[in-house]
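# Structural overview for review
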Amino acid sequence: MNCPKCGKEMERFSLDESHNANHGKRYDRERLVCRADDLWVTVETPKA
């Protein structure tokens, strides 16, 4: 994913699994960082 501020590719900081206890759904959670702009993004994608 590209940084929305500078347009450069963001670095993957971490990748783990999260879940919603109310619905029982599981998600892949990816944290991205642009160190130049100190901008952080978290993306959660449902597991199949």
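Look up: the structure comes first, before these words.
The structure displayed is predicted, hence computed values, not measured ones.

### Topic: the nonpolar core
If you look at the biggest cluster of nonpolar residues, it comprises five residues: C3, M10, L32, C34 and V41. Beyond its immediate chain neighbours, meaning those up to four positions away, C34 contacts C3, C6, M10 and L39.

### Here's the deal with the side chain of S18
Of note, S18 is situated in strand 1 (residues 11–20). Looking at S18, its side chain comes within polar contact range of the side chain of E44, at 3.4 Å. Beyond its immediate stretch of four places on either side in the chain, S18 contacts K25, R26, Y27, R29 and E44.

### A short note on the side chain of R29
Among the structural elements, R29 can be located in strand 2 (residues 25–34). Those residues within four positions of R29 in sequence are excluded, and the remaining contacts are S14, L15, D16, E17, S18, T42, V43 and E44.

### Structural notes on the packing of aromatic side chains
If you walk through the whole model with that rule in mind, you get one aromatic pair. Relative to W40, the ring of F13 has its centre 4.9 Å away and its plane inclined at 85°; by these criteria the two rings are edge-to-face. Pair noted here: F13 is in strand 1 and W40 is in strand 3 (residues 39–46), with a separation of 27 residues, a long-range link. Overall, F13 belongs to the partly exposed group, its relative accessible area being 45%.

Here is what the cut-offs are and how they apply
- Residues numbered from 1 in each chain as written.
- Predicted model: local features only at pLDDT ≥ 70, side-chain atom pairs only at ≥ 80, totals over all residues.
- Heavy atoms only, no water.
- Core = buried A, V, L, I, M, F, W, Y, C linked by side-chain atoms within 4.5 Å.
- Buried < 20%, exposed > 50% of the residue type's maximum accessible area, 1.4 Å probe, protein only.
- Contact = heavy atoms within 4.5 Å.
- Helix = DSSP H or I, 4+ residues; strand = E, 2+ residues; numbered from the N terminus.
- Polar contact = N/O pair within 3.5 Å; in protein donor to acceptor, adjacent residues only side chain to side chain.
- Phe/Tyr/Trp six-rings, centres within 6.5 Å; stacked < 30°, edge-to-face > 60°.

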